[in-house]
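Architecture and fold: a report
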Amino acid sequence: AQVLINGEIVTRIDAKVDIEDRAYQFGDGIYEVIRVYNGICYQLEEHIQRLERSAKEIRLSLPFSAEEFTQQLQELVKGNQLQEGIIYTQVTRGVAPRYHGFPSDDVKPQFVAYTKDLPRPTAFMEHGVKAVLLEDVRWLRCDIKSLNLLGNVLAKQKANDEGGFEAIQHRGDIVTEGSSSNVFLVQEGILYTHPASSLILNGITRVKVLELCEKLELIVKEQEFTVKDLLDADEVFITSTTSEVMPITQIDDQPVGPGIPGPLTVKLQQEFVKGF
Ligand code: PDD
């Protein structure tokens, strides 16, 4: 397979990273996961814009322009003849002797990208999946798509340990987001999702779903809701690049509503697939 490293396409085995890369030592970098459908990058522009935003928030200057990133990532997808899968891409603050403060300006950010075949999780999307609840112990800048993912890693593992697909996090009573997804609920025909504050990543799929709600004339409120609201909801679903609109039919040991994907969830799933 081909991969991208600092603007060059090389074979996987020839892409080497340094043991003093700041991502390796500090998680000092940012990333994106981009869907590829039928050989085409889905919402690539939005992902690159978010990468630029994340870079700005951690005071990292990106090594390429949006146009250059676009062209390189598209070339990578073509080179690997990827049809259905993802691009993983990250930028780190570069290689320097370990010291917490930023390295000097001559240290260049390190950019890599690779592709992976990944089918759409259609069976899970059809039947729904289980989620588990846990306290959100992450830092207060979850709006940055940073490589520091230990809180998310521990959350997902708790879900996996308990036979769940995703972990839904809450700060105190307020539900924030999944370990790698955003959370929506439906109560009496109205949709709710956490506002795009610094406590969640503003998912590109989340924003797409908000747009679809508008198109379908569904009422959606970007408003905080509690764990109790979640457990009492008629429908719950999560959104992400890899999971699209994924029904949550069980939370811990309790079914959500009647325990099957709800009508608005299914409607949004159907609308979502029309977009690619
Ligand atoms: N995760 N919240 C968190 C913490 C995430 O990591 C993600 C994405 C999302 C959803 O964002 P989007 O709709 O833009 O994919 C929300 C990616 C897929 C990942 O880390 O694999």
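Residues numbered from 1 in each chain as written. Predicted model: local features only at pLDDT ≥ 70, side-chain atom pairs only at ≥ 80, totals over all residues.

Residues in contact with the ligand amount to 15 residues; listed here are only the nearest, Leu201, Gly203, Ile204, Thr205 and Thr241. Where the shell around the ligand is concerned, the elements lending two or more residues are helix 6 (204-215) and strand 13 (235-240). Ranked by the residues each element gives to the shell around the ligand, the list is headed by helix 6, at three residues. Grouping the amino acids of the shell around the ligand by side-chain chemistry returns three nonpolar, ten polar and two charged. (Near = placed C-beta within 6 Å. Helix = DSSP H or I, 4+ residues; strand = E, 2+ residues; numbered from the N terminus. Nonpolar A, V, L, I, M, F, W, Y, C, P; charged D, E, K, R; others polar.)

Here the focus is the confidence of the model for the chain. Per-residue confidence for the chain gives a mean pLDDT of 98, with 100% of residues at or over 70. The complex prediction reports pTM at 0.98, with the ipTM value standing at 0.98. (pLDDT = per-residue confidence, 0-100.)

Here we take up the nonpolar core. Core analysis: the largest hydrophobic core is formed by 31 residues, its most contacted members being Ala131, Leu185, Val236 and Ile248. Leave out the neighbours within four places in its chain, and Leu185 touches Tyr192, Phe225, Asp229, Leu230, Ala233, Glu235 and Val236. Core analysis: the second largest hydrophobic core is formed by 22 residues, Ala23, Leu51, Leu82 and Ala113 among them. (Core = buried A, V, L, I, M, F, W, Y, C linked by C-beta atoms within 7 Å. Buried ≥ 20, exposed ≤ 12 C-beta atoms within 10 Å, placed from the backbone. Contact = placed C-beta atoms within 7 Å.)

Relative placement of two packed helices is described by the angle separating their axes and the distance separating the axes. One can describe the packing of helix 2 (residues 44-57) onto helix 3 (residues 66-79) by two numbers: an axis separation of 10 Å at closest approach and a directional angle of 130°. Taken together, helix 2 and helix 3 sit at an angle that is classed as oblique. You can see that helix 2 and helix 3 cross each other, and the crossing is right-handed. Contacts from Leu44, Ile48 and Glu52 in helix 2 reach Ala66, Phe69, Thr70 and Leu73 in helix 3. Tallied by class, residues from the contact of helix 2 with helix 3 come to five nonpolar, one polar and one charged. (Axes fitted to C-alpha atoms, helices over the stretch in contact; angles between N-to-C directions. Parallel < 35°, antiparallel > 145°, perpendicular 65-115°, else oblique. Left-handed = near helix turned anticlockwise from the far one by under 90°.)

With antiparallel pairing, the six strands of this open sheet are ordered in space as 2-1-6-5-3-4. Since the sheet does not close on itself, it has two edges, and those belong to strand 2 (8-11) and strand 4 (40-41), each with one partner. As paired elements, strand 5 (residues 85-92) and strand 6 (residues 110-117) share eight bridges and run antiparallel to each other. Paired with Val91 across the bridge in strand 6 is Phe111. Contacts from helix 2 reach strand 3 (29-37), strand 4 and strand 5, with the element oriented near 175° to strand 3. (Pairing = 2+ DSSP bridges.)

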